[in-house]
Structure formats: structure tokens, C-alpha cells
Amino acid sequence: MREPNKGAGGQGAMGMAAFQALLEQYGAQPRRWPDDLRAPAQALLAHSVQARAEQHRAATLDAMLDRLDVPVISDERVARIVAGALADLPVPGLAPRRAPFTRRIAGLLGAWRPVWPRAAGLVACTAAGILVGAFTPVASTAVGGTGAEGAVSTATATSDLPSAMFTPSALESLFQ
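Residues numbered from 1 in each chain as written. Predicted model: local features only at pLDDT ≥ 70, side-chain atom pairs only at ≥ 80, totals over all residues. Heavy atoms only, no water.

Notes on helix H2 (residues 35–47)
Those residues of H2 lying buried are Leu37, Pro40, Ala41, Leu44 and Leu45. The buried side chains of H2 occupy one side of the element, clustering within an arc of 145° when seen end-on. Away from the buried face of H2 by more than 90 degrees, exposed residues Asp35, Ala39, Ala46 and His47 are located. (Buried < 20%, exposed > 50% of the residue type's maximum accessible area, 1.4 Å probe, protein only. Helix = DSSP H or I, 4+ residues; strand = E, 2+ residues; numbered from the N terminus. Arc of directions from axis to C-beta.)

Next up, the structure:
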């Protein structure tokens, strides 16, 4: 904080800047002001309208601050908070003990234990679906044009995915 200055040359007169600094530091009530600055400040108040206006502003601020509810913090609460903060600090030279590697892995696998049966079932269903789809003949229906009689002719052909993939021409194209 700023130290209120006396007037130029160390005389008893106080300047406006020094008075404002006095108000900022000690408030508007003269009883709070230091003894050596009280008389020059009161002399400035007696002669200056601006000094009285500044004191009024400071008094308004003091009144607002006095109306604030200051929370009461018990010593037990402070001690509990400090003890908790100190417990969280690392102690120099001591590394935290870690569980052996095998116990950590077992812990991870144990956390996934309820998921394994569902995951295995999902994998089995996916594999079965792929196999059924790959080895089931596919029937395709083609719609032909209208004949001379005006009837629509349809042709149904079946194909087998593995036989289509492993035909001699398909295999030859792979190696060319």
C-alpha cells in the first residue's frame, strides 16, 4: 500500500494525492488515521471541498463493506482442510507402492469378467452369420420382356458364392 505523503518540503500541509492515499489505506474515519497524519488531513478537510467529497465517497465504501456478512471459519475446519492438503502432498524420497504386474493384469481382467461371455457370444454369432451367408446359394429372379402371347416370363437361377469365387477362370485371373 502507498504511504500517504506530507506536502512538499516536509511541512504540515497535506496534498490531495496524499489525502486520497490516506483514505484508501485507512478509510474515512479520522480515528483510524495515524496520529502524525490526522492533523494535516483534518486541516485539508476544513479548507477543501474536493477533500470532503473524497471523504464522503470513502465513507460510502466503508458503509458498504461494513454491511457485508463475513463468513465465520472455524479453526477445526481450517485444520481439517490443511490436514487433507498435507496428506495429498508427496513425501520426498518415498515412491508410492505399486502392485506387482501380475496382480495389476488380473485386476484389469477381473474388471472385464462380466463382459467376456457376451463378447464371445457376439463373435460366435458374427462368424456363424458370415459362414451361412458365404455358403448359401443365392436365388435371383430375372423378369423377361413380354412375349407374343402377352405373358411375362421369369427365369430363376441359383448361384453358389464359393463356386463363383473358385471357378477356374476366377482362379486364373488371380495369377495373371
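A closer look at the packing of aromatic side chains
Overall, the coordinates contain one aromatic pair when judged by the stated rule. Ring geometry for Phe19 versus Trp33: centroids 6.0 Å apart, planes at 85°, classification edge-to-face. With Phe19 in helix H1 (residues 16–26) and Trp33 in the loop between H1 and H2, the pair connects residues that are 14 residues apart, well separated along the chain. In terms of burial, Phe19 and Trp33 fall into one category: buried. (Phe/Tyr/Trp six-rings, centres within 6.5 Å; stacked < 30°, edge-to-face > 60°.)

Considering helix H3 (residues 49–67)
Over its 19 residues, H3 extends 27 Å from the first C-alpha to the last, a length consistent with the 27 Å expected when each residue adds 1.5 Å. Packing partners of the buried residues in H3 comprise H1 and H2. Of the residues that open H3, the one with a side-chain oxygen 3.3 Å from the backbone nitrogen of Gln50 is Ser48. (Expected span 1.5 Å × (residues − 1). Contact = heavy atoms within 4.5 Å. Polar contact = N/O pair within 3.5 Å; in protein donor to acceptor, adjacent residues only side chain to side chain.)

Considering the packing of H1 against H3
Where H1 contacts H3, the axes come no closer than 10 Å and their chain directions differ by 15°. On the basis of their axis angle, the class for H1 and H3 is roughly parallel. In this structure, H1 crosses over H3, and the sense of that crossing is right-handed. Of the residues in H3, those in contact with Met16, Phe19, Gln20 and Leu23 of H1 are Gln50, Ala51, Glu54, Gln55 and Ala58. Here the residues of the contact of H1 with H3 sort into five nonpolar, three polar and one charged. (Axes fitted to C-alpha atoms, helices over the stretch in contact; angles between N-to-C directions. Parallel < 35°, antiparallel > 145°, perpendicular 65-115°, else oblique. Left-handed = near helix turned anticlockwise from the far one by under 90°. Nonpolar A, V, L, I, M, F, W, Y, C, P; charged D, E, K, R; others polar.)

Some remarks on the side chain of Glu54
Positionally, Glu54 belongs in helix H3. Apart from residues no more than four positions distant in its own chain, Glu54 is found in contact with Met16, Phe19, Gln20 and Leu23.

The values reported here are purely geometric and, on their own, carry no functional implication.
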